Amino acid sequence: MTADLSIDAWDRITARSVATGGITLRVFEHGPRDSDKPVVVLCHGFPELAFSWRHQILALARAGYRVLAPDMPGYGGSSQPADADAYDALTLCADLAGLLDDIGADDAVFVGHDWGASVVWHMAWAYPERVRAVVGMSVPVTPRSPVPPLPVMRGRLGDDFYMVWFQEPGVADRALARNVRRTLVTREIWSAAWAARPDEEFPPPPWLSEEELAYYVAEFERTGFTGGLNYYRNLDRTWKLTEHLAGRTVDCPSLFVTGSKDPVRRFMPDDKMERVLTDLRGRVVLDGAGHWIQQERAEEVNAALLEFLAELG
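Residues numbered from 1 in each chain as written. Predicted model: local features only at pLDDT ≥ 70, side-chain atom pairs only at ≥ 80, totals over all residues. Heavy atoms only, no water.

S.K.: What is the right way to look at the layout of surface pockets in this model?
M.R.: A water-sized probe rolled over the atoms picks out the places where empty space is left. Put simply, the largest pocket is a space of about 1300 Å³. Lining the largest pocket are 42 residues; nearest its centre among them are Thr142, Pro143, Ser145, Pro149 and Met268. Looking at the lining of the largest pocket, the elements with two or more residues in it are helix H4 (115-126), helix H5 (149-157), helix H6 (162-165) and helix H12 (235-241). Considered class by class, the residues forming the lining of the largest pocket number 27 nonpolar, nine polar and six charged. (1 Å grid on protein atoms, 1.4 Å probe; cavity = no way out; pocket = protein on both sides within 12 Å on 5 of 7 lines; lining within 4 Å. Points joined across faces, edges and corners; volume = space filled by probe spheres on them. Helix = DSSP H or I, 4+ residues; strand = E, 2+ residues; numbered from the N terminus. Nonpolar A, V, L, I, M, F, W, Y, C, P; charged D, E, K, R; others polar.)

S.K.: Please clarify how the nonpolar core should be interpreted in this entry.
M.R.: Within soluble globular proteins, side chains that are nonpolar generally end up buried alongside one another. If you look at the biggest cluster of nonpolar residues, it comprises 99 residues, and the most contacted ones within it are Val41, Leu42, Phe46, Phe110, Val111, Met137 and Phe166. At eight residues, H4 tops the list of elements feeding residues into this core. (Core = buried A, V, L, I, M, F, W, Y, C linked by side-chain atoms within 4.5 Å. Buried < 20%, exposed > 50% of the residue type's maximum accessible area, 1.4 Å probe, protein only.)

S.K.: What exactly am I supposed to notice about the sheet that holds strand S3 (residues 40-43) here?
M.R.: Spatial ordering of the open sheet is given by S1-S2-S4-S3-S5-S6-S7-S8, a layout of eight strands whose pairing is mixed. A single partner strand is all that each edge strand has here, and the edge strands are strand S1 (14-20) and strand S8 (280-286). The sheet shows a mean angle of 20° between the axes of neighbouring strands, direction not considered. Two elements, S3 and strand S4 (residues 67-70), share two bridges in a ladder whose sense is parallel. Across the sheet, residue Val40 finds its bridge partner in S4, namely Val67. Where helix H14 (residues 298-312) meets the sheet, it contacts S3, strand S5 (108-113), strand S6 (131-137), strand S7 (254-259) and S8, and its direction lies at approximately 160° from that of S6. (Pairing = 2+ DSSP bridges. Axes fitted to C-alpha atoms, helices over the stretch in contact; angles between N-to-C directions. Contact = heavy atoms within 4.5 Å.)

S.K.: What should I look at first to understand the pattern of salt bridges in this one?
M.R.: Proximity of charged atoms lets side chains of opposite charge pair with each other. On inspection of all chains with the given rule, the structure shows 26 salt bridges. Between Arg26 and Glu219 there is a salt bridge, with its nearest N and O atoms 2.8 Å apart. Here Arg26, found in strand S2 (residues 23-30), pairs with Glu219, found in helix H10 (residues 210-223); they are 193 residues apart in sequence, far enough to count as distant. Residue Arg222 is joined to Glu219 by a salt bridge in which the shortest nitrogen-to-oxygen separation is 3.2 Å. Placement of both Arg222 and Glu219 in helix H10 is noted, with a separation of three residues, approximately one turn of the helix. (Salt bridge = Lys/Arg side-chain N within 4 Å of Asp/Glu carboxyl O.)

S.K.: Explain H14 here, please?
M.R.: In a regular helix each residue adds 1.5 Å, so 15 residues correspond to 21 Å; H14 covers 21 Å between its end C-alpha atoms and thus fits that length. Where H14 ends, the next residue or the one after it, Gly313, has phi of about 80°, a positive value. (Expected span 1.5 Å × (residues − 1).)

S.K.: Before we go on, may I ask you to explain the packing of helix H3 (residues 89-103) against H4 in this structure?
M.R.: Relative placement of two packed helices is described by the angle separating their axes and the distance separating the axes. Between H3 and H4, whose axes approach to 9 Å, the crossing angle comes to 80°. Compared by their axis directions, H3 and H4 come out roughly perpendicular. Contacts between H3 and H4 involve Ala89, Leu90, Leu92, Cys93, Leu96 and Ala97 from the former and Val119, His122, Met123 and Ala126 from the latter. Considering only residue class, the contact of H3 with H4 consists of nine nonpolar, one polar and no charged. (Parallel < 35°, antiparallel > 145°, perpendicular 65-115°, else oblique.)

Below, the structure written as structure tokens:
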């Protein structure tokens, strides 16, 4: 199995460009095209890439699933629209629906981590007919807030809370891009205070090799972080655009996976998911795991996904 997880193995996975919604997605595709099992679409978060799913792509394809993992809009080899309005949740969902149209699939199982989780939850709300089942990792689904989220975050968590700090165009963009390696391996949450300190040099975490880290560094040194930051800059705009989805439930089979030490749990509790998810099949908490669970605890995440998929029939 070790050889399957190498950069060489990743390089053998087919990547192609897919036109959708006026942009182009770089999509990594693996697994049998004639499978009678559902298509699986893997959506990454910030600051990640389709590469973040390398362990899952191989395991799922080996189990007979056709797997699509796009570099999400704004990342890697996909388009990076300059207009920040291109990154609201409904636009991102439309891009994913176009990905299904490209392969002629009526629906798929959507799996998302971090921002990808937020996108796939919205996908299940906005395009229920295209979502066979949905899996969110790290970021739970929550009922629609009665007020826009950013003022609440600013009031409760302060101006230096990373989602608030990310709002001013150009500020976090420059700070994160100044030393990409530091940004990717820091042990802190990004903030103005973090950005003002001298650069620290940390080794990659145990679950990330120097070769794998170099892949990320090369991609983000080329693209910068603005595309990913624009997802955060659409928090309030997405809230306004999704007013018509208020009160809507997610009725397809669903699964939530997180790490017991994921810092997201401090400000996004998962105790309200059942208000939204009417067919929640499980809540998997990986003991001792942090935020980057599909890489940190790949085998356990793979096992949870394969069990969930098998139960779908």
